[in-house]
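Chain residues, written in single-letter form:
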Amino acid sequence: MPTFPEDAGPRPRSRAASGRPAVTRDRIVDAALELSAESGLENWTLRQLAAAVDAYPAVVYHHVGDRDTVVVAVLDRVVGELTLPDETLPWREWFDEFLPTVRKVLRRYPGSARRLALFGSSVAAAVPTMNAGIGRLLAAGFGTESPFAYNLLLATACQFVAMEDDRESAMALQLDRSEGYAAYRTRADLPGMAALGESVSALVADPDLAAGYYERLYAYAVQRCLDGLELRLTQLNALGSLTEP
């Protein structure tokens, strides 16, 4: 929060007179986006945001609103950073290209994936993305199931990124559990746990392999969803052929 020491002389009548930049809605949201990238969407306060733009919290409230309103504005910016593939691509290739971008963007702003998974983004920010994604599914033949298919893919993507954000913030606990799981690798009486133990043991022994674990898990999750939708499309096509006159 800005301070004005008693011995600093008369307080300037305006920001312009003191040489400070004007506080605008865009500048406030820019600062909130930067704070979210640095410490996470849920880890800054309205007072910290006000300090970042050299203003009082009431000024932030006047230009944007309360903290939740600022968060929505930040999520709009985050969704706006998503790049959309060529709209002429077949549906699966379109999502093969798009979904890795979703993870890349959301990981820049920890906490944004959790918010999007729970509440979605504002309609205005998400219109181009939803229109393009659902449009590719409609063109593929998913029909009235197209919005469901799109939501399945985006919810899965957001949930796995949110899990990655959360686990990264509890890395010490994660390492303790990893060592515990690795101990099961020799348990022939528990083949499932032994397989898990072997997998975890390999991660513990290879930092480079461990570093890419969540990216591979994310890719596995979305690819299996796409596999399921591909099978569903085959079923829908078969149903359509049976009902044709």
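Please read all numbers here as calculations on a predicted model, not as lab measurements.

S.K.: Teacher, can you tell me more about the pattern of salt bridges here?
M.R.: Opposite charge on two side chains lets them pair, provided their charged atoms get close. Within this structure, the stated rule accounts for 15 salt bridges. We note a salt bridge from Asp227 to Arg92, for which the minimum N-O separation is 2.8 Å. Here the residue Asp227 occupies a position in helix α12 (residues 213-243), and Arg92 occupies one in helix α5 (residues 91-108), the gap between them amounting to 135 residues. Residue Asp227 is classed as partly exposed on the basis of its relative accessible area of 30%. You can call Arg92 buried: its relative accessible area is 15%. Residues participating in the shared-partner salt-bridge network are Glu42, Arg67, Asp68 and Arg115.

S.K.: Mind showing me how you'd approach helix α10 (residues 191-205) here?
M.R.: Since there are 3.6 residues in each turn of an α-helix, residues three or four apart along the chain are aligned in direction. The end-to-end C-alpha separation of α10 is 21 Å, in line with the 21 Å expected for 15 residues at 1.5 Å each. When we look at burial in α10, the residues that qualify are Ala194, Gly197, Val200, Ser201 and Leu203.

S.K.: It is not clear to me how the UniProt feature "DNA-binding region" (unreviewed entry) in the protein chain should be interpreted in this structure. Could you clarify?
M.R.: The feature "DNA-binding region" (unreviewed entry), as given by UniProt, occupies residues 45-64 in the numbering adopted here. With 70% helix and 0% strand, residues 45-64 has its two end C-alpha atoms placed 14 Å apart.

S.K.: Help me understand the nonpolar core, please; the structure alone is not making it clear to me.
M.R.: A general feature of soluble globular proteins is that nonpolar side chains tend to end up buried together. Residues Leu49, Val70, Phe95, Leu99 and Val102 are the most contacted members of the largest nonpolar core, which totals 53 residues. Elements represented by at least two residues in this core include exactly α1 (25-39), α2 (46-52), α4 (67-80), α5, α6 (112-119), α7 (123-140), α8 (146-168) and α12. Three or more residues apiece are contributed to this core by two domains, here domain 1 (22-77) and domain 2 (83-242). When sequence neighbours within four positions are dropped, the list of residues in contact with Val70 reads Ala32, Trp44, Leu46, Leu49, Val60, Val64 and Gly65.

S.K.: What is the right way to read the side chain of Arg67 from this model?
M.R.: Locating Arg67 in the fold gives a position in helix α4. A distance of 2.8 Å separates a polar side-chain atom of Arg67 from the backbone oxygen of Trp44. Setting aside anything within four residues of it in sequence, one finds Arg67 in contact with Leu41, Glu42, Asn43, Trp44, Thr45, Leu46 and Arg115.

S.K.: Teacher, can you tell me more about a negative patch on the surface here?
M.R.: A cluster of like negative charges, contributed by Asp86, Glu87, Glu93, Asp96 and Glu97, occupies part of the molecular surface. Positionally, Glu93 belongs in helix α5. Among the residues examined, Glu93 registers a relative accessible area of 43% and is labelled partly exposed.

What counts and how
Residues numbered from 1 in each chain as written. Predicted model: local features only at pLDDT ≥ 70, side-chain atom pairs only at ≥ 80, totals over all residues. Heavy atoms only, no water. Salt bridge = Lys/Arg side-chain N within 4 Å of Asp/Glu carboxyl O. Helix = DSSP H or I, 4+ residues; strand = E, 2+ residues; numbered from the N terminus. Buried < 20%, exposed > 50% of the residue type's maximum accessible area, 1.4 Å probe, protein only. Expected span 1.5 Å × (residues − 1). UniProt positions renumbered as here; feature names shortened; annotations may be inferred. Core = buried A, V, L, I, M, F, W, Y, C linked by side-chain atoms within 4.5 Å. Domains from an automatic or database assignment. Contact = heavy atoms within 4.5 Å. Polar contact = N/O pair within 3.5 Å; in protein donor to acceptor, adjacent residues only side chain to side chain. Patch = residues over 30% accessible without salt bridge, like charges linked within 9 Å, V, L, I, M, F, W, Y side chains within 5 Å. Areas by Shrake-Rupley, 256 points an atom, 1.4 Å probe, with all protein chains shown as cover. Lys, Arg positive; Asp, Glu negative; His and termini not counted. Charge placed at Lys NZ, Arg CZ, Asp CG, Glu CD.

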